[in-house]
Amino acid sequence: MTNRQIAILHVVLHRPGVTAPLTAEVYDRVLDLLRGVTPVVEPLPPDAALLDVRGAQRYFGVDAVQLAKRIRVQALVQQDVDCTIGLAANPLLARLAANSSTTGGIHVLADPEAARAFLDPLPVLALPGVGQATARTLGGYGLDTVGRLAAVPLPTLQRILGASAGRQLHQRARGIDPTPVATGTPTRSLAAEHGFDRDELDPVEHRRALLDLTHHLGARLRTGGQATGALTLTVRYADRSTSTRSRTLAEPTAHTPALTATAYRLHEALGLQRARVRGITLRAEGIRPAELAPHQLSLDPADDRAHRIEAVIDRTTTLFGTTGLTRASLHRAA
């Protein structure tokens, strides 16, 4: 496979030397920059995008690697944003290549042999759609790497995981992904990220981080007069693999306790047991004006009191910043 046959770029964005996530404004400006390279851009908020550059290679008269280098330079010069880029023949391989690259690097999977050599030693957790629970199930059969998974006959894998999940994972283990790049604007969303100073195994610390994230997301939503209809949790592990779970809320809300309860359920659904967690990202999706969101009336005095306390915290934060009131549960005892 020549470089011109590499069709897909997975671009991950970050500010050099900054751990905080990109703002929505910066992310949108970088998307505009990417659309100047190719109109076939799929936004993956809060910090990534997928590009199909087949037409762009012909238009600019350069190959995909040269386009990737051009994107990195333009993003750095124009937006002070660096890019980690994976290049491959399909979205799955491009994503895995980007996740395995050093920060700010460009990783190319240029041919099937290189892709196979790259995939085989990866842990099954590296494959999209494989969480801790699925990995434990597969591990019980000795299928702890992508190479071992790829060697299993499809009927066997379907007996273990079910017909649909088995077929999908069978393809992914072989580096097959027919999914097209879906162009369009990103779903209106807000994201918050917590990075741990070390690989964190303690689920109590995971929940504390989730509480902090829902506190900040709720405050940002309420300050903007908005409500969210869904939450997506992404957990990043020490080996750079990730697990993602999403849940639609019973009703759109910006109420921190409701967001926290949903975030905890997403975390529990991952079935993490002594997982070495490097970071957690929580994204509020389907955001809409709060006055347009349907709301079920509650006669519970505790619910009304919680909303009033929340309003007081928001006002003090607006006036005094982080020195204002906050929840005691966010602080460790001295």
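Everything that follows concerns the structure shown earlier in this document.
This text gives an overview of the structure that appears in the document. (Residues numbered from 1 in each chain as written. Predicted model: local features only at pLDDT ≥ 70, side-chain atom pairs only at ≥ 80, totals over all residues. Heavy atoms only, no water.)

### Details of the overall build of the protein chain
Turning to step 1, where the next piece is worked out: Helix and strand content of the protein chain: 12 helices and 10 strands.
Turning to step 2, where the next piece is worked out: Counting over 334 residues, the protein chain shows a buried share of 47%.
Turning to step 3, where the next piece is worked out: Summarising the internal contacts of the protein chain: among those between residues at least 6 apart in sequence, 67% fall at separations of at least 24.
Turning to step 4, where the next piece is worked out: For the protein chain, the exposed surface amounts to about 16700 Å²; the carbon and sulfur share of it is 54%. (Helix = DSSP H or I, 4+ residues; strand = E, 2+ residues; numbered from the N terminus. Buried < 20%, exposed > 50% of the residue type's maximum accessible area, 1.4 Å probe, protein only. Contact = heavy atoms within 4.5 Å. Areas by Shrake-Rupley, 256 points an atom, 1.4 Å probe, with all protein chains shown as cover.)

### With respect to the pattern of salt bridges
Two side chains of opposite charge can pair, provided their charged atoms sit close to one another.
Turning to step 1, where the next piece is worked out: Scanning all chains against the criterion turns up 13 salt bridges.
Turning to step 2, where the next piece is worked out: Residue Asp 80 pairs with Arg 15 through a salt bridge whose shortest N-O separation is 3.7 Å. Of this pair, Asp 80 sits in the loop between helix H3 (64-79) and strand S4 (82-88) while Arg 15 sits in the loop between strand S1 (8-14) and helix H1 (24-35); the two residues are 65 residues apart in sequence, bridging distant segments of the chain.
Turning to step 3, where the next piece is worked out: The partly exposed category is assigned to Asp 80, whose relative accessible area is 44%.
Turning to step 4, where the next piece is worked out: Take Arg 15: its relative accessible area is 24%, and that puts it in the partly exposed class.
Turning to step 5, where the next piece is worked out: Across the salt bridge formed by Arg 35 and Asp 32, the nearest N and O atoms sit 3.6 Å from each other. With Arg 35 and Asp 32 both in helix H1, this residue pair falls three residues apart, about one helical turn. (Salt bridge = Lys/Arg side-chain N within 4 Å of Asp/Glu carboxyl O.)

### Quick look at the side chain of His 14
Turning to step 1, where the next piece is worked out: With respect to the secondary-structure elements, His 14 resides in strand S1.
Turning to step 2, where the next piece is worked out: One polar contact links His 14 to Thr 84, side chain to side chain, over a distance of 3.3 Å.
Turning to step 3, where the next piece is worked out: Once residues within four sequence positions are removed from consideration, His 14 is found in contact with Leu 22, Val 81, Asp 82, Cys 83, Thr 84, Thr 103 and Gly 104. (Polar contact = N/O pair within 3.5 Å; in protein donor to acceptor, adjacent residues only side chain to side chain.)

### Thoughts on the environment of His 267
Turning to step 1, where the next piece is worked out: By the secondary structure assignment, His 267 is in helix H11 (residues 256-269).
Turning to step 2, where the next piece is worked out: The class of His 267 is buried, set by a relative accessible area of 9%.
Turning to step 3, where the next piece is worked out: For His 267 and Leu 233, which are 34 residues apart along the polypeptide, the C-alpha to C-alpha distance reads 7.5 Å.
Turning to step 4, where the next piece is worked out: Setting aside residues up to four positions removed in sequence, His 267 forms contacts with His 206, Leu 210, Leu 233 and Leu 272.

### Digging into the nonpolar core
Turning to step 1, where the next piece is worked out: Counting 31 residues, the largest nonpolar core has Leu 127, Leu 138 and Leu 149 as the members making the most contacts within it.
Turning to step 2, where the next piece is worked out: When contributions to this core are tallied by element, the ones reaching two or more residues are helix H4 (91-100), helix H5 (112-119), helix H6 (132-139), helix H7 (146-150), helix H8 (154-161) and helix H9 (163-173).
Turning to step 3, where the next piece is worked out: The greatest single-element share of this core, amounting to five residues, is contributed by H4.
Turning to step 4, where the next piece is worked out: In this structure, Leu 127 is in contact with Leu 96, Val 146, Leu 149, Leu 169, Arg 172 and Ala 173, ignoring residues within four places of it in sequence. (Core = buried A, V, L, I, M, F, W, Y, C linked by side-chain atoms within 4.5 Å.)

### A few points about a nonpolar patch on the surface
Turning to step 1, where the next piece is worked out: A contiguous nonpolar surface patch, about 270 Å² in accessible area, is contributed by Val 73, Leu 76 and Val 77.
Turning to step 2, where the next piece is worked out: Inspection of the secondary structure puts Val 77 in helix H3.
Turning to step 3, where the next piece is worked out: A residue is classified by how much of its surface remains accessible, and Val 77, at 67% relative accessible area, is exposed. (Patch = residues over 30% accessible without salt bridge, like charges linked within 9 Å, V, L, I, M, F, W, Y side chains within 5 Å.)

### Some words on the packing of aromatic side chains
Turning to step 1, where the next piece is worked out: Inspection of the entire model under this criterion finds one aromatic pair.
Turning to step 2, where the next piece is worked out: Ring centres 5.0 Å apart and planes at 85° place the aromatic pair Tyr 59 and Phe 60 in the edge-to-face group.
Turning to step 3, where the next piece is worked out: Among the residues examined, Tyr 59 registers a relative accessible area of 70% and is labelled exposed.
Turning to step 4, where the next piece is worked out: The lysine or arginine in question, Arg 70, covers the ring of Phe 60, its NZ or CZ lying 5.0 Å from the ring centre.
Turning to step 5, where the next piece is worked out: A cation over an aromatic ring shows up here: Arg 207 above the ring of Tyr 264, its NZ or CZ 3.7 Å from the ring centre. (Phe/Tyr/Trp six-rings, centres within 6.5 Å; stacked < 30°, edge-to-face > 60°. Lys NZ or Arg CZ within 6 Å of the ring centre and 35° of its normal.)

### Details of the sheet that holds strand S2 (residues 41-44)
Turning to step 1, where the next piece is worked out: Strand order across the open sheet formed by five strands is S2-S3-S1-S4-S5, with mixed pairing between neighbours. Unpaired on one side and paired on the other, S2 and strand S5 (106-108) mark the two borders of the sheet. In this sheet, neighbouring strand axes are inclined to one another by 15° on average, regardless of whether the strands run parallel or antiparallel.
Turning to step 2, where the next piece is worked out: Pairing analysis gives seven bridges linking S1 to S4, with the strands arranged antiparallel. Pairing of His 10 across the sheet is with Gly 86, part of S4. (Pairing = 2+ DSSP bridges. Axes fitted to C-alpha atoms, helices over the stretch in contact; angles between N-to-C directions.)

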